[in-house]
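# Inside the fold
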Amino acid sequence: MKYAVISTDKPGGLQIRLDTRPDHVEYLKTCGVVERAGPFLDAEGNMCGSLVIIEVEDLQAAKDWAANDPYAKAGLFTDVRIEAWKQVIG
């Protein structure tokens, strides 16, 4: 099943994001479940959150995936939502 992992950075978290980004991108590339991924941008064009579409067996697997994201381990996020998602176009 596909899930959208929607994360919001904590205020002032940009440096955490920049410092952790190489590990995060490596995780995305090597975990084998990511279909699409990218950051949200604030009004100044700075990264401020993330949207990752993953395909895993169930909600618990999606929660486990999100918890193991280097960004999550670094304490970057104030909020993480995980929603079942159905692709219709694209």
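Right above here is the structure, for reference.
Throughout, a residue's number is its position along its own chain's written sequence, starting from 1. At least 70 in pLDDT is required for a residue's local features to be given in this predicted model, at least 80 for side-chain atom pairs to be given and counted, and no such filter applies to totals for whole chains, interfaces and linings, which use all residues. Values reported for side chains reflect all heavy atoms of the structure, with hydrogen atoms and water molecules removed beforehand.

Think of it in three bands: with a 1.4 Å probe and only protein chains considered, a residue is buried below 20% of the maximum accessible area for its type, exposed above 50%, and partly exposed in between. Strands are runs of DSSP state E lasting at least two residues, helices are runs of H or I lasting at least four, and both sets are numbered from the N terminus onward. Burial runs high along strand β1 (residues 2-9): six of the eight residues are buried. Here the rule is simple: two strands pair whenever DSSP picks up at least two bridges between them. Where β1 lies against strand β3 (residues 47-55), seven bridges are found, and the strand directions are antiparallel. Of the residues in β3, the one forming a bridge with I6 is L51. Relative to strand β4 (residues 77-84), β1 is paired through seven bridges, and the arrangement is antiparallel. Across the sheet, residue I6 finds its bridge partner in β4, namely R81.

Across the sheet, four strands lie side by side as β2-β3-β1-β4; this open sheet has antiparallel pairing. Edge positions in the open sheet fall to β2 (34-41) and β4, since each of these has one partner strand only. On average, each strand axis in the sheet is tilted by 15 degrees relative to the strand beside it, whichever way the strands run. Here a residue-residue contact requires only that any non-hydrogen atoms of the pair lie within 4.5 Å. In this description, a line fitted to the C-alpha atoms serves as the axis of each element, helices being fitted only across the stretch in contact, and the angle between N-to-C directions of two axes falls anywhere from 0 to 180 degrees. Packed onto the sheet, helix α1 (residues 14-30) meets β1, β2, β3 and β4 and runs at close to 15 degrees relative to β3.

All right, on to the pattern of salt bridges then. Salt bridge, as used here: a side-chain nitrogen of Lys or Arg that lies within 4 Å of a carboxyl oxygen of Asp or Glu. Within the structure shown, the criterion is met by four salt bridges. Its salt-bridge partner being R81, residue E83 comes within 3.3 Å of it at the nearest N-O pair. According to the relative accessible area criterion, E83 is partly exposed, its value standing at 35%. Note on R81: relative accessible area 41%, which makes it partly exposed. A single network of salt bridges, built from pairs that share partners, joins K2, E35 and E55.

Working definition of a nonpolar core: buried Ala, Val, Leu, Ile, Met, Phe, Trp, Tyr and Cys residues. They are joined through side-chain atoms within 4.5 Å. Counting twelve residues, the largest nonpolar core consists of Y3, V5, Y27, L28, V33, V52, I54, V56, A62, W65, A66 and I82. Sorting elements by how many residues they give to this core places helix α2 (residues 59-68) first, with three residues. Excluding anything up to four places from it in sequence, I54 contacts M1, K2, Y3, V5, V33, V34, E35, A62 and W65.

The subject of this paragraph is the packing of aromatic side chains. Put simply, two rings from Phe, Tyr or Trp (the six-membered ring, in Trp's case) pair if the centres are within 6.5 Å, and we call them stacked under 30 degrees between planes, edge-to-face over 60, tilted for the rest. Per the counting criterion, the structure on display carries two aromatic pairs. With 5.2 Å between their ring centres and 25 degrees between their planes, Y27 and W65 make a pair best called stacked. Residue Y27 is located in helix α1, and its partner W65 is located in helix α2; the two are separated by 38 residues in the primary sequence. Judged by its relative accessible area of 17%, Y27 is buried. Judged by relative accessible area, W65 falls into the buried class, the value being 7%.

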